[in-house]
Amino acid sequence: MAYQIKRPERIVEDLELMAESDHPAMIIHIDINPEAMARDYRRLELTLAKAKQAGDMASFEKAAGDLFTLICGEEAVERILAYFKGSYVDMTAALLPFVFDCIKPAVERYVQSRREILANNTCLNRRQRRKIGL
């Protein structure tokens, strides 16, 4: 039997921003390598949660903008912000469900698979496996 190696799964989604006539006004293609963004994604997710708890709108808008920039790219965020006429609140309210329903589970699956590979390759005992969430 041959040794098998797989490349990490990429997150590929299309985000359709709808016009008032129920036709897509703009389609944003999202192609993400979870390996490249996993650490920054978690850090920005925590920053967004802290800004939300603090109730500081300026830091919340910055954290949301940074999170969307990581996911979509700077050019796409500018186009999305133009679609929402510069309103970070509307953009965040519309995009956070997409982030938490599509992007977050895919990143979590990637992190979990990497933990399993690490545990299998390093012969961790039961206590060490529990420490990394396995």
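As the structure is a prediction and not an experimental result, all values here were calculated from the model. Residue positions are given per chain, counting from 1 as you read along its sequence in written order. Given that this is a predicted model, residues contribute local features only at a pLDDT of at least 70 and side-chain atom pairs are listed and counted only at 80 or more, while totals for whole chains, interfaces and linings are drawn from all residues. With hydrogens and water set aside, each side-chain value is computed from the structure's full complement of heavy atoms.

As for the overall build of the protein
No. 1: A run of H or I in DSSP becomes a helix once it reaches four residues, and a run of E becomes a strand once it reaches two; helices and strands are each numbered from the N terminus. Assigned secondary structure in the protein consists of five helices and two strands.
No. 2: Order of helices (α) and strands (β) in the protein, N terminus to C terminus: β-β-α-α-α-α-α.
No. 3: The globule rule puts the C-alpha radius of gyration for 134 residues at 14 Å, and the 18 Å found for the protein is more than 25% above it.
No. 4: The C-alpha extent of the protein, read off along each of the three principal axes, is 55 × 40 × 20 Å.
No. 5: For every residue, the accessible area (1.4 Å probe, protein chains only) is compared with the maximum for its type, and the residue is labelled buried under 20%, exposed over 50%, or partly exposed between those bounds. Residue burial in the protein is summarised as follows: out of 134 residues, 29% are buried.
No. 6: By the convention used here, residues are in contact when the closest approach between their heavy atoms is within 4.5 Å. Considering only residue pairs separated by 6 or more positions, the protein has 50% of its internal contacts joining residues 24 or more positions apart. Radius of gyration: over C-alpha atoms. The globule rule applied is 2.2 Å multiplied by the number of residues raised to the 0.38 power.

Describing the environment of F100
No. 1: Among the secondary structure elements, F100 is positioned in helix 4 (residues 88-122).
No. 2: On a C-alpha basis, the gap between F100 and T47 in space is 15 Å, while along the polypeptide they are 53 residues apart.

Focus on the environment of G73
No. 1: Position of G73 relative to the elements: it lies in the loop between helix 2 (57-72) and helix 3 (74-83).
No. 2: By relative accessible area, G73 is classed as partly exposed at 22%.
No. 3: Along the backbone, G73 and A38 are 35 residues apart, and their C-alpha atoms lie at a distance of 15 Å.

None of this, on its own, says anything about what the molecule does.
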